[in-house]
Amino acid sequence: MKLPSFDTAVRSLVLTVLGATGLAGCELWPYNNGQYPYTTTDPISDFGMYTHELYAQITWIVLVIFAAVTALLAFTLLRFRDDGQPGNPEQIHGNTQMEIGWTLLPIVIVLFLIVPTVRTIFVIADAPPAGAIDPASGLVMRDDAGEPVKKTVEIKVIGKRWWWAFEYVNEGIVTGNQFAIPDDRPVSLLITSDTVIHSFWVPRIGGKRDAVPGRMNRIWFNLQQDVQPGEVEHIRGECAEYCGDAHALMRFEVIALDGADFDRWVTEYQAGPKLAGDVKTKGEAAFAAGGCIGCHAITGNDQANGLQGPNLTFFGDRRWLAAGVHDMYPNGRSDATHAHDLLTQWVRHPDSLKPGTTKHDEESRALDGMNIPVDRSNDGILQEDEMSTEQLDAIVAYLLAQTSSYPIQ
Amino acid sequence: MSTAATNVAHHADVEHEEDNSLTSWLTTVDHKRIGKLYMFSALFFFALGGLEALLIRLQLMWPENHFISAQTYNEMFTMHATTMIFLSIMPLSAAFFNFLIPLQIGARDVAFPRLNALSYWLFLFGALFLNFSFFFSGLPDGGWFGYANMTLAKYSPGHSIDFWILGLAILGNSSMMAGFNFITTILNLRTPGMTMFRMPIFTWMSLVVQFLIVMSFPMITVGLLLMLFDRSFGTNFYFPPNGGDPLLWQHLFWLFGHPEVYILILPAMGIVSEILPVAARKPLFGAPFVIFSGIMIGFVGFGVWSHHMFTTGLGPVADAAFSTTTMLIAVPTAVKIFNWIATLWGGKIRFTVPAVFAITFVFLFTIGGLSGVMHASPPVDLQQQDSYFIVAHFHYVLVGGAFTGLMSGVYFYWPKMFGRYLDERAGWISWVLLFIGINLTFFPMHFLGAMGMPRRTWQYPVGAGYDMWNMVATVGSWFIAVGFLVTLASAVANAFFGKGKKAPADPWDAATLEWSIASPPPHYNFKKLPTVASDRPYWDEKHEGGPAVSQEVIAVDAPSHVEMPPPSWWPLGQALFQGGFFAAFLIGGGTGQFDADRFMIQLPIQLLLAAGMLYCMFGWIREDARPR
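Residue positions within a chain follow its written sequence, with the count starting from 1. As a convention, the first chain written is A and the first ligand written is 1, with the rest following in written order. In view of the model being predicted, local features appear only for residues whose pLDDT reaches at least 70, and side-chain atom pairs are presented and counted only at 80 or more, with totals across whole chains, interfaces and linings using the full set of residues. Each side-chain value is derived from all of the structure's non-hydrogen atoms; neither hydrogens nor water enter the calculation.

With respect to the overall build of chain B
Move 1: A count of helical and extended segments in chain B gives 21 helices and 2 strands.
Move 2: The size measure is the radius of gyration over C-alpha atoms, and the globule rule it meets is 2.2 Å times the number of residues to the 0.38 power. The C-alpha atoms of chain B give a radius of gyration of 24 Å, which matches the 25 Å a tight globule of 628 residues would have.
Move 3: For chain B, the spread of C-alpha atoms along the three principal axes comes to 75 × 60 × 45 Å.
Move 4: A separation of at least 24 residues holds for 82% of the contacts in chain B among residues at least 6 apart in sequence. Only DSSP runs of H or I reaching four residues or more are called helices, and only runs of E reaching two or more are called strands; each is numbered from the N terminus. Working rule for contacts: check all heavy atoms of both residues, and any pair within 4.5 Å makes them a contact.

Structure below.
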């Protein structure tokens with residue numbers, strides 16, 4: 001038999017090796033949190049780790065199969081090239097033993113995939129415990145009255161067009177596009193939507209769950225990373241289900257806090273921001289006169305209790321504008337000018353920062369029969385005669401001044 | 001109506017000059033011509049869908065790019081998928097069904113030649129109708145999966161989604177007609193001696209696909225109708241505030257959508273199963289197992305739809321069940337791959353252009369198949385669903401698989417269809433560019449998915465680490481574009497400008513009946529129907545001393561002309577009225593409420609069009625379509 005030509009051999013082998021290593025790199029690439037804030041391969045919760053373990057296991061099995069099949073194919077192509085000799089090869093029609101063999105082989109491999117898969121499905125589908133587990137006894141830690149010492153934090157996640165609302169079920173706190181979680185007790189998220197279907201995805205916490213109107217999905221987890229007191233761990237999340245114009249611009253941030261810090265965060269958010277002086281009086285007046293109160297709520301401002309838009313309590317805590325899209329403090333917290341300008345632009349002409357915003361505004365207002373004095377009739381721009389610079393400045397200052405003791409760096 | 005055409009070309013003599021007038025093409029009922037119409041329509045829409053893909057890739061070249069607007073981007077990915085699935089891969093498969101099935105089973109045409117013409121014209125109208133929304137209300141922007149409730153009138157006012165719904169309904173109608181036609185053809189028109197297990201594998205895979213089509217398209221049609229009712233008449237099938245359930249749409253859609261995946265891939269598998277044995281100069285290894293695994297894939301394919309819905313929260317029992325059935329599909333798929341390799345094993349492989357495309361299919365499809373096994377596991381899928389990992393997976397299956405397999409078919413069957421080889425050098429250049437391009441574009445998407453990049457996103461942020469691989473993918477997309485254009489240019493030059501080397505009847509030394517007649521085949525295909533005694537009748541005649549099947553041997557004493565069905569205007573007329581009937585739903589649609597005023601305009605127009613349909617039906621029945 002004539003040997004395959006050198007170039008064919010090299011070409012096939014190079015392709016094989018490249019393909020195999022490429023696929024390997026896919027999962028084993030160190031997509032760490034530092035460079036890849038949305039990475040799926042650097043989980044920080046137990047929920048994410050269950051998935052990741054299975055993910056890695058299946059990836060390895062698949063890689064081995066791929067390498068074997070490719071090697072077999074490459075060898076066959078090299079070994080059985082047409083040698084130019086007359087005559088046809090032996091006409092083999094098949095072999096039943098071999099067929100049975102290579103039917104059973106994938107069945108066995110599939111069993112190795114299915115068993116751990118089903119186990120993991122049921123592990124992550126378990127209901128959350130009532131509170132943090134005592135590692136010594138394996139039971140929920142309870143006080144003398146039988147109440148959990150560190151009660152599971154329940155948060156209702158609601159997908160909107162195109163932002164997220166987070167409602168703390170027991171604490172009575174509502175936030176928009178950013179929420180805090182403790183590192184010392186279970187967190188249970190109840191995911192739904194009151195608009196179209198979205199998908200709530202924080203890759204580092206774990207897999208996504210769809211936010212389906214009329215349904216409630218749950219994921220729950222314990223953070224596996226210990227956050228130091230006074231520090232904040234930022235975890236980025238995003239919408240994963242196509243939901244219209246600004247689907248790509250529907251992100252959010254989870255801020256993980258030390259347990260004691262989280263308790264203080266809750267107390268502060270329940271009380272609302274403590275503002276005084278001109279910022280408060282002028283700001284509240286402008287916020288009401290501008291019609292903002294029709295859609296936005298702010299704890300401590302009795303006039304502002306709208307439910308259509310994001311809750312703006314402690315807006316100054318937020319780093320990102322327009323649902324995790326625009327960094328308000330790219331030069332650090334000390335540079336407040338950028339935040340001021342960006343927020344001004346956002347109120348004046350939101351579509352320039354996030355397409356589709358006013359379109360949906362108009363839609364929901366028309367459909368819900370609301371009559372709000374904000375008028376962006378001129379190409380979606382809030383003109384000077386509709387809101388004066390002075391008034392807008394007061395609103396922006398009022399919002400940015402609302403910081404808690406956990407401002408975002 | 002038919003009188004003008006009836007006296008043309010139905011007496012097909014051996015020396016008969018092909019009538020190439022426009023009328024002859026508009027009234028044709030010849031399966032080979034309809035196959036060519038499908039093929040060129042499909043190639044055109046491939047180019048269009050590819051253009052849309054290039055715009056998508058250009059937009060994603062940089063982070064936070066503003067090359068096209070979010071609205072345009074959403075329209076582009078919706079139309080790219082819709083075009084590639086319904087207007088490119090399916091009709092290119094249909095081109096091969098039409099051209100090959102009668103030739104492979106030794107028939108002179110399909111069972112219902114006029115119905116076949118109607119299928120094509122309906123397809124063309126549906127395809128144009130979908131794209132015409134560009135001129136009226138903007139292209140559809142709801143995704144090819146059109147998830148309710150976003151596609152309802154509240155969130156998608158205007159008519160673009162109506163265009164999408166009605167376009168798909170027309171296309172589904174066309175596919176179902178073709179499906180029944182081919183099932184009847186395959187079951188009834190086989191030449192003497194052609195038992196089911198002597199049928200070529202491509203015909204077998206086509207048969208499975210036709211059953212998938214006729215069983216899955218009704219489900220999406222129901223889903224689409226309910227959506228149309230929600231949008232036009234204010235019903236509440238999918239509208240949650242009034243008790244509807246958006247997941248109902250997902251179930252109906254994926255009950256169709258998953259078999260659809262096999263509708264796209266099985267024809268390519270059939271073609272590859274024809275080409276690999278010819279390339280290796282051996283029979284297909286374990287042909288019955290390849291056939292049964294194809295049937296198995298089609299069968300189990302109906303029981304896996306919910307793996308598209310693992311993230312919707314169906315509960316652990318459903319997740320476990322659908323995960324298991326999905327993984328089981330890997331078994332017949334693996335059987336096929338092993339049999340293809342075993343076919344090559346021990347052969348004398350000739351690396352012709354179609355053979356190389358077919359082998360590439362096996363390699364690339366394996367990658368797509370294996371990544372598919374990964375997200376068959378629901379916990380893993382929770383991280384991969386709706387991320388670029390999925391985009392990578394199904395592009396390996398559909399571009400690396402279906403598209404590459406169909407390309408191998410184009411190069412393999414072109415000489416039979418047009419009597420001339422496609423240019424070999426162009427074929428090699430095209431292959432190299434496509435192979436580099438497909439891997440360069442789609443492999444990095446695995447990485448992007450692992451980095452958490454969601455699908456269908458107009459922009460990605462700076463600092464997410466997505467920059468480099470997106471740029472690589474964008475560069476790769478141009479390799480695919482140029483690679484495809486090389487083949488397209490070579491095909492156009494060949495078919496319309498007479499370029500290319502003349503091909504003999506049997507250019508590849510193949511085994512099945514279609515190669516035993518002239519290239520291109522005469523209007524009547526077989527002057528005398530052959531009697532076959534094995535699954536490789538022509539090979540056996542040439543190499544094993546088997547009974548003769550080729551026309552030059554068996555048809556020497558055959559009569560000088562063969563009677564063929566005459567051309568007809570009725571299919572085109574019927575398609576026009578039917579297309580118009582569907583289109584008229586636009587008048588009342590899109591508001592989410594029943595609008596009596598608009599409905600009173602829509603109703604008489606539709607009644608008129610329905611009368612037109614009845615008129616065409618009546619003419620169709622009355623027409624003397626017996627072979628003359």
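And the narrative resumes.
Digging into the overall build of chain A
Move 1: Scanning chain A from N- to C-terminus turns up 8 helices and 12 strands.
Move 2: The 409 residues of chain A split such that 54% are buried.
Move 3: Within chain A, counting contacts between residues at least 6 apart in sequence, those at least 24 apart form 64% of the total.
Move 4: Residue burial considers only the protein chains on display, and all accessible areas are found by Shrake-Rupley using a 1.4 Å probe. Here chain A has roughly 17,600 Å² of accessible surface; of this, 57% comes from carbon and sulfur atoms. Summary of the burial criterion: residues with accessible area below 20% of their type's maximum are buried, those above 50% are exposed, and those between are partly exposed, where the area comes from a 1.4 Å probe applied to protein chains only.

What about the side chain of Asp-230 of chain B?
Residue and element names in this part refer to chain B.
Move 1: Mapped onto the elements of the fold, Asp-230 is located in helix α7 (residues 201-233).
Move 2: It is Arg-231 that comes nearest to the buried, bridge-free Asp-230 among opposite-charge side chains, at 9.2 Å.
Move 3: Among residues more than four places away in sequence, those in contact with Asp-230 are Leu-152, Thr-235, Asn-236, Phe-237, Tyr-238, Phe-239 and Gly-592. Charge assignment: positive for Lys and Arg, negative for Asp and Glu; neither His nor the chain ends contribute. The term salt bridge refers to a pairing of a side-chain nitrogen on Lys or Arg with a carboxyl oxygen on Asp or Glu at a separation within 4 Å.

Considerations on the interface of chain A and chain B
Move 1: The partner chain B presents 101 residues to the 98 residues of chain A that form the contact.
Move 2: Roughly 8,300 Å² of surface becomes buried between chain A and chain B when both sides are summed, with 69% attributable to carbon and sulfur atoms.
Move 3: The quantity reported as buried area is the accessible area (1.4 Å probe) lost by two parts once they are put together, taken as the sum for both. Sorting the residues of chain A by area buried against chain B places Phe-80, Trp-102 and Tyr-242 of chain A first, and these three jointly supply 9% of that buried surface.
Move 4: Of the charged contacts in the structure, one is a salt bridge between Asp-83 of chain A and Lys-348 of chain B, with a shortest N-O distance of 3.7 Å.
Move 5: Polar contacts, as used here, are pairs of N or O atoms within 3.5 Å; protein pairs need one atom able to donate a hydrogen and one able to accept it. Residues neighboring in sequence count only if both atoms are side-chain atoms. On the surface where chain A and chain B come into contact, there are 28 residue pairs in polar contact (both at pLDDT 80 or more).
Move 6: Sorting the residues of the side of chain A that touches chain B by element identifies α1 (6-28), α2 (46-79), α3 (96-125), β7 (209-211), β9 (232-239) and α7 (357-367) of chain A as the ones contributing at least two each.
Move 7: The element that contributes the greatest number of residues to the side of chain A that touches chain B is α3 of chain A, accounting for 18 residues.
Move 8: The classification used treats Ala, Val, Leu, Ile, Met, Phe, Trp, Tyr, Cys and Pro as nonpolar, Asp, Glu, Lys and Arg as charged, and all other residues, Gly among them, as polar. Residues of the side of chain A that touches chain B, tallied by class, amount to 51 nonpolar, 29 polar and 18 charged.

A look at helix α6 (residues 160-188) of chain B
Move 1: Multiplying 1.5 Å by the helix residue count minus one yields the expected span of that helix. Along its 29 residues, α6 of chain B runs 42 Å from first to last C-alpha, staying within 8% of the 42 Å computed at 1.5 Å per residue.
Move 2: Burial analysis of α6 of chain B places 25 of its 29 residues in the buried class, the great majority of the element.

What to know about the confidence of the model for chain B
In low-pLDDT regions, the fine details of the predicted coordinates are not to be read closely.
Move 1: The pLDDT value expresses, per residue, how confident the predictor is, ranging between 0 and 100. For chain B, the average pLDDT comes to 91, and 97% of its residues sit at 70 or higher.
Move 2: Below pLDDT 50 for its whole length, residues 1-16 of chain B participates in 34 contacts with residues either more than four positions away or in separate chains.

Here we look at the sheet that holds strand β10 (residues 251-257) of chain A
By definition, the strands of a sheet pair up through backbone hydrogen bonds, in either a parallel or an antiparallel sense.
All names here are of chain A.
Move 1: With mixed pairing, the 5 strands of this open sheet are ordered in space as β4-β10-β9-β6-β7. Only two strands of the sheet have a single neighbouring strand rather than two, namely β4 (178-182) and β7. Adjacent strand axes in the sheet meet at a mean angle of 30°, parallel and antiparallel pairs treated alike.
Move 2: Two strands qualify as a pair provided that DSSP identifies no fewer than 2 bridges between them. In this sheet, β7 lies alongside strand β6 (residues 198-201) in antiparallel orientation, the contact comprising 3 bridges. Residue pairing across strands places His-198 opposite Ala-211, the latter belonging to β7. A fitted line through C-alpha atoms serves as each axis, taken over the contacting stretch for helices, and the angle formed by two N-to-C directions is quoted from 0 to 180°.

Considerations on the pairing of β6 of chain A
Residue and element names in this part refer to chain A.
Move 1: Here β6 shows a buried face lined by His-198 and Phe-200 and a second buried face lined by Ser-199 and Trp-201.
Move 2: Relative to β9, β6 runs antiparallel, the two being bridged by 2 bridges. From the neighbouring strand, Phe-200 faces β9, where its bridge partner is Cys-239.

Description of helix α10 (residues 316-328) of chain B
Given 3.6 residues to a turn, an α-helix orients residues that are three or four positions apart in the same direction.
Move 1: Here α10 of chain B is 13 residues long and its end C-alpha atoms lie 18 Å apart, about the 18 Å a rise of 1.5 Å per residue gives.
Move 2: Among all positions of α10 of chain B, only Asp-319, Ala-320, Phe-322, Ser-323, Thr-326 and Met-327 of chain B are buried.
Move 3: Turning to α10 of chain B, the residues buried within the fold contact α3 of chain A together with α11 (330-344), α12 (353-374) and α13 (378-384) of chain B.

A word on the sheet that holds strand β2 (residues 164-168) of chain A
All names here are of chain A.
Move 1: Taken in spatial order, the 5 strands make up an open sheet running β3-β2-β1-β5-β8, and their pairing is mixed. Both edges of this open sheet fall to β3 (174-176) and β8 (217-221), since each of them pairs with a single strand only. Averaged over all neighbouring strand pairs, the angle between strand axes comes to 20°, with direction disregarded.
Move 2: Summarising the sheet, strand β1 (residues 153-159) and strand β5 (residues 187-193) pair through 7 bridges and their orientation is parallel. Along β5, the bridge assignment pairs Lys-156 with Leu-190.

As for the environment of Pro-246 of chain B
Move 1: Mapping Pro-246 of chain B onto the fold places it in helix α8 (residues 246-280).
Move 2: The exposure class assigned to Pro-246 of chain B is buried, which follows from its relative accessible area of 0%.
Move 3: When the C-alpha atoms of Pro-246 of chain B and Leu-152 of chain B are compared, they prove to be 10.0 Å apart, with 94 residues separating the residues in sequence.
Move 4: If we skip the residues at most four places from it in the chain, Pro-246 of chain B touches Ile-197, Val-212 and Pro-213 of chain A together with Ala-148, Asn-149, Tyr-238 and Pro-240 of chain B.

So, the packing of α8 of chain B against helix α14 (residues 388-418) of chain B
When two helices pack together, their arrangement is given by the angle between the helix axes and by the axis-to-axis distance.
Residues and elements named next belong to chain B.
Move 1: Their axes nearest at 8 Å, the elements α8 and α14 cross at an angle of 50°. Our classification of the angle between α8 and α14 gives oblique. Helix-helix and strand crossings are classified by hand; for α8 and α14 the assignment is left-handed. Counting all contacts with α8, which are made through Leu-264, Ile-265, Ala-268, Ile-271, Val-272, Glu-274, Ile-275 and Val-278, the residues of α14 involved are Val-397, Leu-398, Gly-401, Ala-402, Gly-405, Leu-406, Ser-408, Gly-409, Phe-412 and Tyr-413.
Move 2: Counted by class, the contact of α8 with α14 contains 13 nonpolar, 4 polar and 1 charged residues. By definition in this entry, angles of less than 35 degrees are roughly parallel, angles greater than 145 are roughly antiparallel, angles of 65 to 115 are roughly perpendicular, and the rest are oblique. The crossing is said to be left-handed when, going from far helix to near helix, the turn is anticlockwise and less than a right angle, and right-handed when the turn is clockwise.

Focus: the packing of aromatic side chains
Move 1: Each Phe, Tyr or Trp ring, with Trp reduced to its six-membered ring, pairs with another whose centre is within 6.5 Å; inter-plane angles below 30 degrees give stacked pairs, above 60 give edge-to-face pairs, and intermediate values give tilted ones. Here the structure, examined in full by the defined rule, presents 77 aromatic pairs over all chains.
Move 2: Each ring, one from Tyr-269 of chain A and one from Phe-314 of chain A, has its centre 4.5 Å from the other, and the planes form 35°; the classification is tilted. Of this pair, Tyr-269 of chain A sits in helix α4 (residues 259-271) while Phe-314 of chain A sits in the loop between α5 (277-289) and β11 (320-321); the two residues are 45 residues apart in sequence, bridging distant segments of the chain. The two residues Tyr-269 of chain A and Phe-314 of chain A agree in class, both being buried.
Move 3: When the centroid spacing of 6.0 Å and the interplanar angle of 65° are considered together, the rings of Tyr-460 of chain B and Tyr-466 of chain B count as edge-to-face. For the pair Tyr-460 of chain B and Tyr-466 of chain B, a shared accessibility class is recorded, and that class is buried.
Move 4: Through successive ring pairs, a cluster of aromatic residues spans Phe-86, Trp-144, Trp-164, Phe-217, Tyr-238, Trp-249, Phe-253, Trp-254 and Phe-256 of chain B.

Topic: unusual backbone geometry
Residue and element names in this part refer to chain B.
Move 1: With omega at 5°, the peptide bond leading from Ala-148 into Asn-149 counts as cis.
Move 2: Secondary-structure assignment places Asn-149 in the loop between α5 (113-136) and α6.
Move 3: The step from Ser-519 to Pro-520 runs through a cis peptide bond, and the omega angle for that step is -10°.
Move 4: Inspection of the secondary structure assignment puts Pro-520 in the loop between α16 (467-497) and α17 (537-544).

Examining the packing of helix α4 (residues 70-105) of chain B against α8 of chain B
Residue and element names in this part refer to chain B.
Move 1: Interaxial distance between α4 and α8 falls to 11 Å at its minimum, and their mutual angle equals 45°. Classified by the interaxial angle, the pair formed by α4 and α8 is oblique. Here α4 and α8 pass one another in a crossing that is left-handed. On α8, the residues that touch Ile-85, Phe-86, Ile-89, Met-90, Ser-93, Phe-96, Phe-97 and Gln-104 of α4 are Phe-256, Glu-260, Ile-263, Leu-264, Pro-267, Ile-271 and Glu-274.

Quick notes on the pattern of salt bridges
Move 1: Counting across every chain of the model gives 21 salt bridges over all chains.
Move 2: Between Asp-245 of chain B and Arg-215 of chain A there is a salt bridge; the shortest N-O distance is 2.9 Å. Here Asp-245 of chain B, found in the loop between α7 and α8, pairs with Arg-215 of chain A, found in the loop between β7 and β8, and the two come from separate chains.
Move 3: Measuring nitrogen to oxygen at the nearest pair gives 2.9 Å for the salt bridge that ties Asp-327 of chain A to Arg-319 of chain A.

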